[in-house]
Amino acid sequence: MFDVCIIGAGVVGAMCARALSAYKLNICVVERANDVCTGASRANSAIVHAGFDAKPGTLKARFNVAGSKMMEQVCRELGVKYVRNGSLVLGYGDEDKATLEELYERGVKNGVEGLAVLDREGVLALEPNVTEEVTCALWAPTGAIVSPFGLCDAGLGNAMDNGAQFIRNFEVERIESADGVYTLYAGDQKVEARFVVNAAGLYSDKIAAMVGDESFDVHPRRGEYMVLDKAYTPSLTSYTLFSTPTPKGKGILVTATTGGNVMLGPTAVDMTDKEDLDTTAEGTASIREQSARYIKGIPFGGVITSFTGLRAVGSTGDFIIHASAPGFITFGGIESPGLTSAPALGEYCVELLGNEGLVLEKKENWNPIRKPSGWYRKLDDDQKNEVIAKEPAYGNMVCRCEEVTEGEIVYAIRTNPGARDVDGVKRRTRSGMGRCQGGFCSSIVVEILSRELGIPYEQVTKSGGGSIINYGRTKGGKDNA
Ligand SMILES: Cc1cc2nc3c(=O)[nH]c(=O)nc-3n(C[C@H](O)[C@H](O)[C@H](O)COP(=O)(O)OP(=O)(O)OC[C@H]3O[C@@H](n4cnc5c(N)ncnc54)[C@H](O)[C@@H]3O)c2cc1C
């Protein structure tokens, strides 16, 4: 029996688990996928929003600003990549300037520090690559970028290091409640807990309905992206560039990423299918057309991949955070700025569970610190040679594009919450994220996963479930494999 069961291992579930792991509690996180960070937390813009966008008084505004203030410290503790690169909302004429001034006022009301409306000269002084059309911008120096994979992985990993359990491939299908205990069923498995946190993203409405809360719906809104090879983009921009929102929408962004690429997107298309992660020709065309208005000379020939994320859009327009039943807290409709807000939502989760009667006693030995996943990269050559002398796997280069060694991949598999498939290794190490997109390294990653997990090649998957990579051997016996 657990004290608290968290449904969903996205960034919200991970941050709730971490915050709760500071208390003397028996916690588990159940996740329908094979890994942490496979939902919206995997495919987003990775922006730590400054907080000028959300309407004052909303939950979005409250947790955006609080999360943005916490993020740098949380990332330092967890060893996650975070860069305070600053953001610019670009304007194209007097009408946009008036909107930017409204955003400025809204940001000031929300408590965002350092905002300024710049004229064209001011914009050019910061980012000389903007197009001739740009006339003004809202500058937000507290805007930042973060690794969403790192935040999820390290957040949940840190909770596990402090005693939390992670149960993969557990899709909650039914919930029963009796005598103050919730029983969560997934196929022939079950988990019992006295308190439950619903952090199931797009499916948070479905989970809430399992305990009788039908007060809201969540629908998917597709956002497509294109990623540029970092070899083409070192001087394109180091900022996050938005365009001024209009009644037609917020438009896309052009942003640097913590991985060193530049990313373009996302589109915004309302959908009904919560599983449709297709990219489309229309999406690509729209991103190309819009982004060319921001920055001069975007090398579209340098696009190395495209992907889609699905926003969990709630029916109220704000985050939906409440007790769906006694001792059952729901985080619904956590669309943007959910990534930014996540550390603050984790703290709020503790407060809400306390209000529901969870006894909260701090652990004396809680450790908020985690060794950075990229620790090896930060060493100088002499230090690397010392590591290689002890662990020769660090001398084997596996991913040539991103320069990831076998030692780093083994570390990602062995460190909580342990990569279990090729995409899990990719999110943790960047192996396969470079120009060749895994063309050279994927087969070696399969081999390492097979060896480390003690399973045959044929059972190693791309991303869990039925995503088998090798169906059988093509060249005779075992020795030729
Ligand atoms: C295109 C796009 C751009 C965005 N850009 C930004 C941005 O720049 N900055 C920002 O702050 N925010 C951004 N966001 C929002 C942010 O990504 C989300 O708010 C955040 O990731 C939500 O995290 P989550 O944990 O609630 O959901 P998710 O990451 O979706 O996690 C929910 C988890 O629940 C699991 N689950 C679902 N049903 C079940 C079940 N029945 N049983 C067990 N597990 C289940 C899922 O598999 C999933 O892993 C963006 C989102 C999108 C889609």
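Just so it is clear, the structure is predicted and the values come from calculations on it, not from any experiment.

Caption draft 1: A look at the pairing of strand β12 (residues 189-198). With 7 of 10 residues buried, β12 is to be regarded as a mostly interior element. Strand direction decides the pairing type here: strand β1 (residues 2-7) and β12, joined by 5 bridges, are parallel. Looking at β12, one finds that V4 is bridged to F195. Strand direction decides the pairing type here: strand β11 (residues 181-186) and β12, joined by 5 bridges, are antiparallel. By the bridge assignment for β12, Y182 is matched with A193. In sequence, β11 turns back onto β12 through a hairpin of 2 residues, with G187 there showing a positive phi of about 55°. Alignment of β12 against strand β20 (residues 328-332), held across 3 bridges, turns out to be parallel.

Caption draft 2: Fine view of the packing of helix α2 (residues 59-78) against helix α8 (residues 338-355). Running from N to C, α2 and α8 cross one another at 85°; their axes reach a closest spacing of 7 Å. The angle between α2 and α8 places the two elements in the roughly perpendicular class. For the pair α2 and α8, contact is made by F63, N64, A66, G67, S68, M70, M71 and V74 and by T340, S341, A342, P343, A344 and L345, respectively. Looking at the contact of α2 with α8 residue by residue, the classes come out as 9 nonpolar, 5 polar and no charged.

Caption draft 3: Local environment of the environment of D179. In this fold, D179 is placed in the loop between β10 (174-178) and β11. The spatial distance from the C-alpha of D179 to the C-alpha of R194 is 9.3 Å, given a sequence separation of 15 residues.

Caption draft 4: View of the domain arrangement of the protein chain. What the domain assignment reports for the protein chain is domain 1 (1-81 + 146-217 + 315-372), domain 2 (87-141 + 220-311) and domain 3 (375-480). Look at where the C-alpha atoms of domain 1 and domain 3 centre, and you get two points 29 Å apart. Between domain 1 and domain 3, the contact holds 16 residues from the first and 12 residues from the second. When residues in the side of domain 1 that touches domain 3 are grouped by element, the largest group, 6 residues, is from helix α5 (residues 148-161). Looking at the side of domain 1 that touches domain 3 residue by residue, the class counts come to 8 nonpolar, 4 polar and 4 charged.

Caption draft 5: Structural context of the nonpolar core. Of all hydrophobic cores here, the largest spans 121 residues; its most connected members are V4 and C5. Setting aside anything within four residues of it in sequence, one finds C5 in contact with C28, V30, L184, V191, A193 and V196. Of all hydrophobic cores here, the second largest spans 17 residues; its members include C399, A412, V425 and V446.

Caption draft 6: Geometry of helix α12 (residues 442-453). In this model α12 runs 16 Å from its N-terminal to its C-terminal C-alpha over 12 residues, within 8% of the 16 Å that 1.5 Å per residue would give. Inspection of α12 places S442, V445, V446, I448 and L449 among the buried residues, and these make up the whole buried set. The buried residues of α12 occupy one face: seen down the axis, they fall within an arc of 165°. Against the buried residues of α12 lie β21 (397-399), α10 (406-414) and α11 (422-429). Trailing α12 by a residue or two, G454 shows a phi angle of about 65°, which is positive.

Caption draft 7: Examining the site of the ligand more closely. Neighbouring residues of the ligand: 41 residues in total, closest G10, G39, G201, G223 and G338. Breaking the shell around the ligand down by element, the ones donating at least two residues are α1 (11-20), β18 (303-314) and α8. Partitioning the shell around the ligand into residue classes produces 21 nonpolar, 15 polar and 5 charged.

Caption draft 8: Spatial organisation of the packing of α10 against α11. At their nearest, the axes of α10 and α11 sit 10 Å apart, and the two run at 110° to each other. The angle between the axes of α10 and α11 places the two elements in the roughly perpendicular class. Helix-helix and strand crossings are classified by hand; for α10 and α11 the assignment is right-handed. Contacts between α10 and α11 pair E408, I409 and A412 from the former with V425, R428 and T429 from the latter.

Caption draft 9: Representation of the sheet that holds strand β3 (residues 47-48) within the structure. Spatially, 3 strands are ordered β3-β8-β4 in an open sheet, and the strand pairing comes out antiparallel. In this open sheet, the two strands that pair with only one neighbour each are β3 and β4 (82-83).

Caption draft 10: Structural view of helix α3 (residues 94-110). Its 17 residues place the ends of α3 24 Å apart at the C-alpha level, agreeing with the 24 Å of an ideal helix rising 1.5 Å per residue. Three or more residues of α3 are buried, namely D96, L100, L103, G107 and N110. Projected down its long axis, α3 shows its buried positions confined to an angular sector of 75°, all on one face. Away from its buried face by more than 90 degrees, α3 exposes D94, E95 and A98. Residues of α3 that are buried sit in contact with α2, β5 (87-91), β6 (116-119) and β7 (136-140).

Caption draft 11: Just unusual backbone geometry, in detail. Backbone torsion omega between G265 and P266 reads -5°, so that peptide bond is classified as cis. Relative to the helices and strands, P266 resides in the loop between β16 (262-265) and β17 (269-270). Although it is not a glycine, E403 adopts a positive phi angle of roughly 55°. As for its position among the elements, E403 is in the loop between β21 and β22 (404-405). E403 gets classed as partly exposed once you count the C-beta atoms within 10 Å, which come to 13. In this structure, Q437 takes a positive phi of about 55° despite not being glycine.

Here is what the cut-offs are and how they apply
- As a convention, each chain's residues are numbered from 1 in the sequence order in which they are written.
- Local features in this predicted model are restricted to residues whose pLDDT is 70 or higher, and side-chain atom pairs enter the listing and the counts only when it is 80 or higher, whereas totals over whole chains, interfaces and linings include all residues.
- Any residue with 12 or fewer other C-beta atoms within 10 Å of its own C-beta is exposed, any with 20 or more is buried, and the rest are partly exposed; the C-beta atoms used are placed from the backbone.
- Helix numbering and strand numbering both begin at the N terminus, where a helix is a DSSP run of H or I of at least 4 residues and a strand a DSSP run of E of at least 2.
- Strand pairing is defined by DSSP finding a minimum of two bridges between the two strands.
- Where helices are involved, their axes are fitted lines through C-alpha atoms of the stretch in contact, as for all axes, and angles between N-to-C directions lie from 0 to 180°.
- Roughly parallel means an angle under 35 degrees; roughly antiparallel, over 145; roughly perpendicular, 65 to 115; everything else is oblique.
- What counts as a contact is two residues whose backbone-derived C-beta atoms lie within 7 Å of each other.
- Amino acid classes used here: Ala, Val, Leu, Ile, Met, Phe, Trp, Tyr, Cys and Pro are nonpolar; Asp, Glu, Lys and Arg are charged; the rest, including Gly, are polar.
- Boundary definitions for the domains trace back to an automatic or database domain assignment.
- The nonpolar core is taken to be a set of buried Ala, Val, Leu, Ile, Met, Phe, Trp, Tyr and Cys residues joined by way of C-beta atoms within 7 Å.
- Helices are assigned an expected span. That span is 1.5 Å times one less than the residue count.
- Taking the helix axis as origin, the arc is that swept by the directions to the C-beta atoms.
- Placing the C-beta atom from the backbone, one calls a residue near a molecule or strand if that atom lies within 6 Å of it.
- Here is the rule for handedness: rotate from the far helix to the near one, and if that takes an anticlockwise turn smaller than a right angle the crossing is left-handed, while a clockwise turn gives right-handed.

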